[in-house]
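One letter stands for each residue in the lines below.
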Amino acid sequence: MPLTALTGSLGVKRAAHLLRRATFGASKQQIDYFANLTASQAVAQLFATDLPDPTLPIDPATGQEWVESGVVEGANSGDDELRAYFKAWFIGQMMSTDIADSHELAYALREKITLFLHTHFTTMEEKVDDSRALYFQNALFRLFAFDKEDENVVIVDEDTGNSQNEIAPRNFKELTKKICIDNAMLIFLDGRQNVKGSVNENFAREMFELYTIGRGLEARVNGMTPPGPDDYFTFTEQDVQAAAKVLSGFDRDKDFETIDQYTGIPRGRIRGGVIATQHAEGVKQFSDYFSGFNDGKVTPDPTLFQTGPTEESAIDEISQLIDMIYSREETARHICRKLYRFFVYYDIDETLDDDVIAQMAATFTANDFKIQPVLEELFQSEHFYDNVSGVEDDKFGGIIKSPLDLILGTLKFLEIELPSYQNDLENFYMMTGSLLDLMGRQGMTFYEPYEVAGYVAYHQFPVYNRNWISTNYLTQRYDYIRQLMNQNENLPTFDILEFVKLNFNAQATDAKQFITTLAPYIFPFAENLDYEVDGGDLTKERIRYFLQVFIQFDDYQNTAAVNQANSDWGSLYADPSKYLEAGEYLRRLFNAMMQSPEYQLF
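**Quick look at the packing of helix α14 (residues 329-343) against helix α15 (residues 350-366)**
Helices that pack against each other are described as a pair by the angle of their axes relative to one another and the distance between those axes. With their axes 8 Å apart at the nearest point, α14 and α15 run at an angle of 105° to one another. Our classification of the angle between α14 and α15 gives roughly perpendicular. Contacts from Ala-332, Arg-333, Ile-335, Cys-336, Arg-337, Leu-339 and Tyr-340 in α14 reach Leu-352, Asp-353, Asp-354, Val-356, Ile-357, Ala-358, Met-360, Ala-361, Phe-364 and Thr-365 in α15. Of the residues contributing to the contact of α14 with α15, the split by class is 12 nonpolar, one polar and four charged.

**Overview of the packing of aromatic side chains**
Any two aromatic rings considered together are summarised by their centre-to-centre distance and by the angle between their planes. Enumeration according to the criterion identifies 51 aromatic pairs in this entry. Relative to Phe-364, the ring of Phe-172 has its centre 6.2 Å away and its plane inclined at 70°; by these criteria the two rings are edge-to-face. Taken as a pair, Phe-172 in helix α8 (residues 172-180) and Phe-364 in helix α15 lie far apart in primary sequence, 192 residues in all. Of the two residues examined, Phe-172 and Phe-364, each falls in the buried class.

**A short note on the pairing of strand β4 (residues 163-168)**
Of the pairings in the sheet, the one linking strand β3 (residues 151-156) to β4 comprises six bridges and is antiparallel in character. Across the sheet, Ile-155 pairs through a bridge with Gln-164, a residue of β4. The antiparallel pairing of β3 with β4 creates a hairpin that spans six residues between the two strands, and Gly-161 there sits at a positive phi of about 80°.

**Here's the deal with the environment of Ala-48**
Positionally, Ala-48 belongs in the loop between α3 (39-46) and β1 (58-59). A relative accessible area of 17% places Ala-48 in the buried class. Residues contacting Ala-48, with those up to four places away along its chain left out, are Ala-106 and Phe-146.

**With respect to unusual backbone geometry**
Pro-462 follows Phe-461 through a cis peptide bond whose omega is 0°. Positive phi, close to 55°, is recorded for Ser-96, a residue that is not glycine. By secondary structure assignment, the location of Ser-96 is in the loop between α4 (79-94) and α5 (104-120). Even without being a glycine, Asp-190 presents a positive backbone phi close to 65°. Checked against the element boundaries, Asp-190 lands in the loop between α9 (183-188) and α10 (202-211).

**Some words on the pattern of salt bridges**
Scanning the model with the defined rule gives 41 salt bridges in all. Lys-284 serves as the salt-bridge partner of Glu-317, at 2.7 Å between the closest nitrogen and oxygen. On the criterion of sequence distance, the pair formed by Glu-317 in helix α13 (residues 311-326) and Lys-284 in strand β9 (residues 284-285) is long-range, its members being 33 residues apart. With respect to class, Glu-317 is no different from Lys-284; both count as buried. Two residues, Asp-534 and Lys-540, come together in a salt bridge whose shortest N-O distance is 3.3 Å. Asp-534 gets classed as partly exposed once you look at its relative accessible area, which sits at 44%. Given the relative accessible area of 17%, Lys-540 is considered buried. Where salt bridges share partners, they join Asp-79, Asp-80, Arg-83, Lys-87, Glu-125 and Asp-129 into one cluster.

**Considering a negative patch on the surface**
Taken together, Asp-98, Asp-101, Glu-415 and Glu-417 make up a surface patch of like negative charges. Take Asp-101: it is sitting in the loop between α4 and α5. Under the relative-accessibility criterion, Asp-101 is labelled exposed at 65%.

**Looking at helix α23 (residues 540-551)**
Between its first and last C-alpha atoms α23 spans 16 Å; for 12 residues at 1.5 Å apiece the expected length is 16 Å, and the two agree. Those residues of α23 that fall on the buried side of the exposure criterion are Lys-540, Ile-543, Arg-544, Phe-546, Leu-547, Phe-550 and Ile-551. For α23, the buried positions fall inside an angular range of 155° around the axis, keeping them on one side. The inward-facing, buried residues of α23 abut α22 (511-522), α24 (559-574) and α25 (579-594). The first or second residue beyond α23 is Gln-552, which carries a positive phi of 65°.

**Points about the layout of surface pockets**
Volume-wise, the largest pocket comes out at about 1,200 Å³. If you trace the largest pocket, you find 31 residues lining it, with Tyr-262, Arg-267, Glu-311, Glu-312 and Ile-315 closest to the centre. Elements that contribute at least two residues to the lining of the largest pocket include exactly β3, β4, α8, β6 (259-260) and α13. A class-by-class count of the residues in the lining of the largest pocket yields 11 nonpolar, eight polar and 12 charged.

**A word on the nonpolar core**
Counting 197 residues, the largest nonpolar core has Met-207, Leu-321 and Phe-446 as its most contacted members. Residues in contact with Phe-446, not counting those within four places in the same chain, are Lys-87, Phe-90, Ile-91, Met-94, Leu-115, His-118, Glu-125, Leu-436, Met-439 and Tyr-455.

**Quick word on α8**
Residues lying three or four places apart along an α-helix face the same way, a consequence of the helix completing one turn every 3.6 residues. Burial of α8 is extensive: nine of the nine residues sit out of reach of the surface. Within α8, the full set of buried residues consists of Phe-172, Lys-173, Glu-174, Leu-175, Thr-176, Lys-177, Lys-178, Ile-179 and Cys-180. Of the residues flanking the start of α8, the one acting as N-cap is Asn-171, its side-chain oxygen 3.1 Å from the backbone nitrogen of Lys-173.

**Quick look at the state of the cysteines**
According to the stated counting rule, one finds zero disulfides in the structure shown. Here Cys-180 stays free of any disulfide, with the sulfur of Cys-336 as its closest cysteine sulfur at 19 Å.

**Overview of the confidence of the model for the protein chain**
Of the residues in the protein chain, 97% reach a pLDDT of 70 or more, and the chain-wide mean stands at 95. Contacts of residues 388-393 to residues separated by more than four positions or lying in other chains number six contacts, the stretch itself having pLDDT below 50.

**Considering the environment of His-279**
For His-279, the position within the fold is in the loop between β8 (269-270) and β9. For the pair His-279 and Val-199, spaced 80 residues apart in sequence, the C-alpha separation works out to 9.6 Å. With near-sequence residues (within four places) excluded, His-279 lies in contact with Lys-196, Lys-245, Val-246, Ser-248, Gly-249, Lys-284, Pro-309, Ala-314 and Glu-317. One polar contact links His-279 to Glu-317, side chain to side chain, over a distance of 3.0 Å.

**Section: the environment of Arg-83**
Topologically, Arg-83 is positioned in helix α4. In this structure the C-alpha to C-alpha distance between Arg-83 and Arg-132, which are 49 residues apart in sequence, comes to 8.2 Å. In this structure, Arg-83 is in contact with Glu-125, Asp-129, Asp-130, Ser-131 and Leu-134, ignoring residues within four places of it in sequence. Engagement of the side chain of Arg-83 in a polar contact is seen with the side chain of Asp-80, the distance being 2.7 Å.

Rules behind the numbers
Residues numbered from 1 in each chain as written. Predicted model: local features only at pLDDT ≥ 70, side-chain atom pairs only at ≥ 80, totals over all residues. Heavy atoms only, no water. Axes fitted to C-alpha atoms, helices over the stretch in contact; angles between N-to-C directions. Helix = DSSP H or I, 4+ residues; strand = E, 2+ residues; numbered from the N terminus. Parallel < 35°, antiparallel > 145°, perpendicular 65-115°, else oblique. Contact = heavy atoms within 4.5 Å. Nonpolar A, V, L, I, M, F, W, Y, C, P; charged D, E, K, R; others polar. Phe/Tyr/Trp six-rings, centres within 6.5 Å; stacked < 30°, edge-to-face > 60°. Buried < 20%, exposed > 50% of the residue type's maximum accessible area, 1.4 Å probe, protein only. Pairing = 2+ DSSP bridges. Salt bridge = Lys/Arg side-chain N within 4 Å of Asp/Glu carboxyl O. Patch = residues over 30% accessible without salt bridge, like charges linked within 9 Å, V, L, I, M, F, W, Y side chains within 5 Å. Areas by Shrake-Rupley, 256 points an atom, 1.4 Å probe, with all protein chains shown as cover. Lys, Arg positive; Asp, Glu negative; His and termini not counted. Charge placed at Lys NZ, Arg CZ, Asp CG, Glu CD. Expected span 1.5 Å × (residues − 1). Arc of directions from axis to C-beta. 1 Å grid on protein atoms, 1.4 Å probe; cavity = no way out; pocket = protein on both sides within 12 Å on 5 of 7 lines; lining within 4 Å. Points joined across faces, edges and corners; volume = space filled by probe spheres on them. Core = buried A, V, L, I, M, F, W, Y, C linked by side-chain atoms within 4.5 Å. Polar contact = N/O pair within 3.5 Å; in protein donor to acceptor, adjacent residues only side chain to side chain. Disulfide = S-S within 2.5 Å. pLDDT = per-residue confidence, 0-100.

Right, here's the structure in full:
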């Protein structure tokens, strides 16, 4: 049974919710536009297919890209700097820098899914230590982000030179196959050290536990006992050992010359040349968990051998392995739980697992393991927008923003653009570098998670996104807003008075009306606000506090004083000669509202 589709127009609250979760935030104008769309219409626009390819990262030392052409020693920057430029470039992609307005939100969704894939198939910059490997892995994720349609590609036979058109599958299962011999992954989880006779199990273990089948719903919420030694509820040590043999024999390609013809992206290469001399030979037998697929065996295809196993036969074994793992229903559920926690809510109990997650997994499986149909269905569902008023955890405001979402979402709402990557590269790198530094201070060192499982907020049971908050991290979050409002020299500048005039001019002269109009655009729950009685999403004391900070009065009960302060603000706002003072008033308000617990949620 599919998730029930939401009917009617979204309205401001739901439109803002969708754009915060599916992209990196939106402007008021974008939220208002989506508010008039149905969920179906909104999703169709977000998954637009006519998106441009990203401009390649540029090295300022040469003024040219280096990821495809290669690094020239003595001309290009050092790789530490190149990795920093790559991360800054990725920030620019997430901000849709230099992208036409008509494509901006769809482009951002593609980047949000690319980010999700990075959090799922994690890597660490320090371990990989190669900017080109990081870039090509990122490009692989982007290629598979919008995966609803397969692609036609031309495949050239390396022996004969003959070419033919083939279908290149685009789905999560196929991406899992590709990641097994991705250069960055071969370095990160030691796949390049996995050779016949000295098998390294690191990647095989994480492939089962993190990337594919998992360990059940935290072993059904920690209530289960393993059925036997070396048994992890969904796979066993035998499976890890057998998979490691399947995955053996590959090495990174330092020159990035081994191109996967189905993706056009460099991958690792087989050790030994024509004959895969370091690949473990023979049939690989897996546990009874996988007996339903080819009797739990991965069998080398002798028609792909020459005098021994070849790169083609080794890749075929990997394909069999991944097909076998995806034949288990639990694999689809595990991946859909990851999607749900990233885009909806972290807490999944057994009831939700057997209902919503099972439905997502059914959609995932029925669509050949493509994640786009799953997300399309989810983003159009009543469940995605379902909530109750008040302060309980639910869909609206149920997730603490990551430092990335907080920083970029604030810029997007305030319509603060980064310097042009194409025309102002130096300032682009300076400002994105500042944003990356701010993210690190808030607890998200980009491309350097603390664990091989990735950033703890996306995987660590039972805390998940609550890992983003500590006394120090919260202080740093608030300090970011303060720096932005104070026009820190390393951050993009903006005119807050001009922003308000463009977006809230009709309400801005009345301080009370301005706050109640602004709040639903920046808080996940801000409906039915009232200064006199409780019953709305925020208490009357809470919105009175914002009003007091804004127009400066001593006691709300002194009605005459409050009205006079409100009138003074209206006069100030309307007087062009008082623009500096008006800006100070607005900075006080935005500092108060954005340095708040409510603003940390989305």
